[in-house]
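Secondary and tertiary structure notes
What follows is the residue order along each chain.
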Amino acid sequence: MSLTGRDLELNAIDALIAGGRAGRGSALVIRGEAGIGKSAILAEAETRATDLDMRVVSTKCVPAEANLPFAGLQRLMQPLLESRHGLPEPQRGALAVAFGMASGPTPNTFLLGLATLSLLAEAGGPVLVAVDDAQWLDHASCDALIFAAHRLGADPIVMLAAVRDGLESKFDESRLPLLRLERLDPRSAKELLASGAPNLDADVATRVLDEAAGNPLALIELPLAIRDGVTRDLDGNADLVPLTKRLERAFAAQAADLPGMTRLILLVAATDQRATLPEVTAATARLASATVAEDALAPAIAARLVNLEGGLVRFRHPLVPSAIYQATSVFERQATHAALAEVLTDPDRRAWHLSDRGPGIPAARNVLQQILVKRRRCLIAL
């Protein structure tokens, strides 16, 4: 597989992978605007590493866990935990406490970072570590990974972290090597547009190229938005609306065309992107006061907004859940957080949703939820 217009960036990734396989550890922060292709670069790096028999451990961070200490690190390192028994006891104990497997004082950054590095080194061969949307990685996990990244040395480990522009991250001050993804050059932009929308009218293609300005996601999504009449700003007022907002509106419009129950499931999944499908279904049923059909998510999968992966609802791009969540009213969001809090068993995630569920007066909260349930029933009936 090759990514259009990214030969230089992929060559740099290949060099890091080759170095890792030769015992030269390295780390790289990949930065760029929304839709620029950070996730695509990481996915291609994982594919290339796998093809070369490197072990890959990866995670995609989400806003819901940004304030949960060690949540990102636990998800990332989970596949390697079977090797923890070979670690020195202090490091093994630090991991156990951080990941909720033992009680004790919160481990310090030095000890947990050292344990992270040791666990990666115990993986039994070259390892690629990939962290997508690292701007939402909790600070405790950031500290541990950055500590390890600065000490890879002769370990056969390559660490990649993708961070979106406009959002603060501890990786900004990490002093790790940086790869900035720029917009595609005009030739590559035309090639990508032609491959994704080969029958596009010439005038429309020119407009898309002008508005996308080399942003790969825009080159893929804006033709669909124009076809569906979603983004009228392309007719002359595009400078009034940032590209990211236009893309979010295009995704929101796609979701708006789906059946009511499907839209409700998407809202729940967007509100907690770590929720399993049973958790999403249970919370949706509470919001709708109705049974959720097994195939209720199928229209969203057919529309290429989500897919099911490992029992989770995975959005195909981070702007999709953002668009769905922002398109709802504050009352809808509050009720969704409340419904999730009622079905989740994880105390940290439950507390996070309770903190965001809205008015502090229980009576007012109950009234709002009753109003929303009635609105949802009407929506689903449409």
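Our subject is the structure listed above.
Quick summary incoming for the structure in this document. Just so it is clear, the model here is predicted, and its values are computed rather than measured. (Residues numbered from 1 in each chain as written. Predicted model: local features only at pLDDT ≥ 70, side-chain atom pairs only at ≥ 80, totals over all residues. Heavy atoms only, no water.)

1. Some remarks on the sheet that holds strand S5 (residues 178-180)
How we decide: The pairing criterion is simple: DSSP has to find at least two bridges between the two strands. Secondary structure follows DSSP: runs of H or I at least 4 residues long count as helices, runs of E at least 2 residues long count as strands, and numbering of each begins at the N terminus. Between N-to-C directions, angles span 0 to 180 degrees; the directions come from axes that are lines fitted to C-alpha atoms, helices contributing only their stretch in contact.
Strand order in the open sheet formed by 5 strands is S2-S3-S4-S1-S5, and the pairing between neighbours is parallel. At either end of the open sheet lies a strand with only one pairing partner, and these are strand S2 (55-60) and S5. Sheet twist, expressed as the mean angle between neighbouring strand axes with direction ignored, is 15°. Pairing geometry for strand S1 (residues 26-32) and S5, over 3 bridges, is parallel. Along S5, the bridge assignment pairs arginine 31 with arginine 180.

2. Brief notes about the layout of surface pockets
Counted only if it meets this: Definitions used for this entry: grid spacing 1 Å over protein atoms alone; cavity, a set of points where a 1.4 Å probe fits but cannot get out; pocket, an open set with protein on both sides within 12 Å along at least 5 of 7 lines; lining residue, one with an atom within 4 Å of a point. Grid points are joined across faces, edges and corners, and a volume is the space filled by probe spheres set on the points. Throughout this entry, Asp, Glu, Lys and Arg are counted as charged residues, while Ala, Val, Leu, Ile, Met, Phe, Trp, Tyr, Cys and Pro are counted as nonpolar. The remaining residues, Gly among them, count as polar.
If you add up the space inside the second largest pocket, you get close to 330 Å³. In terms of lining, the second largest pocket is formed by 14 residues, of which the most central are Leu68, Ala71, Gln74, Asp346 and Asp348. In terms of residue count, helix H3 (residues 71-77) provides more of the lining of the second largest pocket than any other element does, 3 residues in total. For the lining of the second largest pocket, the class distribution of residues is 6 nonpolar, 2 polar and 6 charged.

3. Some words on the packing of aromatic side chains
Using the following cut-off: Stacked, tilted and edge-to-face are the three classes applied to pairs of Phe, Tyr and Trp rings, where Trp contributes its six-membered ring and a pair requires centres within 6.5 Å; stacked means planes under 30 degrees apart, edge-to-face means over 60, and tilted covers the rest. Remark: exposure states derive from per-residue accessible area (1.4 Å probe, protein chains only) relative to the maximum for the residue type, with buried under 20%, exposed over 50%, and partly exposed in between. Whether a charge sits over a ring depends on NZ of Lys or CZ of Arg being within 6 Å of the ring centre and within 35 degrees of the ring normal.
By the definition in use, this model includes 1 aromatic pair. The interplanar angle of 85° and the centroid separation of 5.5 Å between the aromatic rings of phenylalanine 110 and phenylalanine 147 together place this pair among those described as edge-to-face. Taken together, the positions of phenylalanine 110 in helix H5 (residues 109-121) and phenylalanine 147 in helix H6 (residues 139-149) put the pair 37 residues apart, joining distant regions of the chain. Residue class for phenylalanine 147 comes out buried when judged on its relative accessible area of 11%. Residue placement shows arginine 151 over the ring face of phenylalanine 147; its charged tip is 3.7 Å from the ring centre.

4. Let's talk about unusual backbone geometry
Its identity is not glycine, yet serine 289 carries a phi of approximately 55°, on the positive side. Mapped onto the elements, serine 289 comes out in the loop between helix H12 (277-288) and helix H13 (298-302). Of the residues examined, serine 289 reaches a relative accessible area of 40% and is grouped as partly exposed. For arginine 304, which is not a glycine, the phi torsion comes out positive at approximately 65°. Here arginine 304 is to be found in the loop between H13 and strand S6 (306-309). For arginine 304, a relative accessible area of 46% translates into the label partly exposed.

5. Section: the pairing of S6
Taken together, the 4 bridges between S6 and strand S7 (residues 312-315) define a ladder with antiparallel strand orientation. Looking across to S7, one finds that valine 306 is bridged to phenylalanine 315. Connecting the antiparallel pair S6 and S7 is a turn made up of 2 residues, with glycine 310 showing a positive phi of about 60°.

6. Structural notes on H6
Along H6, 8 of the 11 residues are buried, which leaves the element largely enclosed by surrounding structure. Within the sequence span of H6, burial applies to Ser141, Cys142, Ala144, Leu145, Ile146, Phe147, Ala148 and Ala149.

7. Some words on the pattern of salt bridges
Rules: In the sections that follow, a salt bridge refers to a side-chain nitrogen of Lys or Arg positioned within 4 Å of a carboxyl oxygen of Asp or Glu.
The full count for this structure, using the stated rule, is 15 salt bridges. Across the pair arginine 31 and aspartate 165 runs a salt bridge, and its minimum N-O distance is 3.0 Å. Here the residue arginine 31 occupies a position in strand S1, and aspartate 165 occupies one in the loop between strand S4 (157-164) and S5, the gap between them amounting to 134 residues. Of the residues examined, aspartate 165 reaches a relative accessible area of 27% and is grouped as partly exposed. Connected via shared salt-bridge partners are Arg31, Asp165, Asp172 and Arg180.

8. As for helix H8 (residues 202-212)
In plain terms, the rule: By construction, the arc corresponds to the directions joining the helix axis to the C-beta atoms. N or O atoms closer than or at 3.5 Å make up a polar contact, with two conditions inside protein: a donor-capable atom paired with an acceptor-capable one, and, for residues adjacent in sequence, both atoms drawn from side chains.
Looking at H8, one finds that the buried residues are Val204, Ala205, Val208 and Ala212. Down the axis of H8, the buried side of the element spans an arc of 100°, and every buried residue falls inside it. Exposed and oriented more than 90 degrees from the buried face of H8 are Ala202, Asp203 and Asp210. Between the side-chain oxygen of the N-cap and the backbone nitrogen of aspartate 203 there are 2.9 Å, and the N-cap of H8 in question is aspartate 201. Alanine 213 occupies a position one or two residues after H8 and carries a positive phi of about 50°.

9. Remarks on the nonpolar core
The cut-off we apply is this: Nine residue types can take part in a nonpolar core, namely buried Ala, Val, Leu, Ile, Met, Phe, Trp, Tyr and Cys, and a core is a set of them joined through side-chain atoms within 4.5 Å. Residue contacts are defined here by distance: any two heavy atoms, one from each residue, within 4.5 Å place the two residues in contact.
Core analysis: the biggest nonpolar cluster contains 51 residues, and Leu219, Leu266, Leu305, Val306, Phe315 and Ile324 have the highest contact counts within it. When residues of this core are assigned to their parent elements, the largest contribution, 8 residues, is made by helix H11 (residues 260-271). When neighbours within four sequence positions are excluded, isoleucine 324 is seen to be in contact with Ala255, Leu266, Leu267, Ala270 and Phe315. Core analysis: the next-biggest nonpolar cluster, separate from the first, contains 40 residues, Leu112, Ala115, Leu120 and Leu152 among them.

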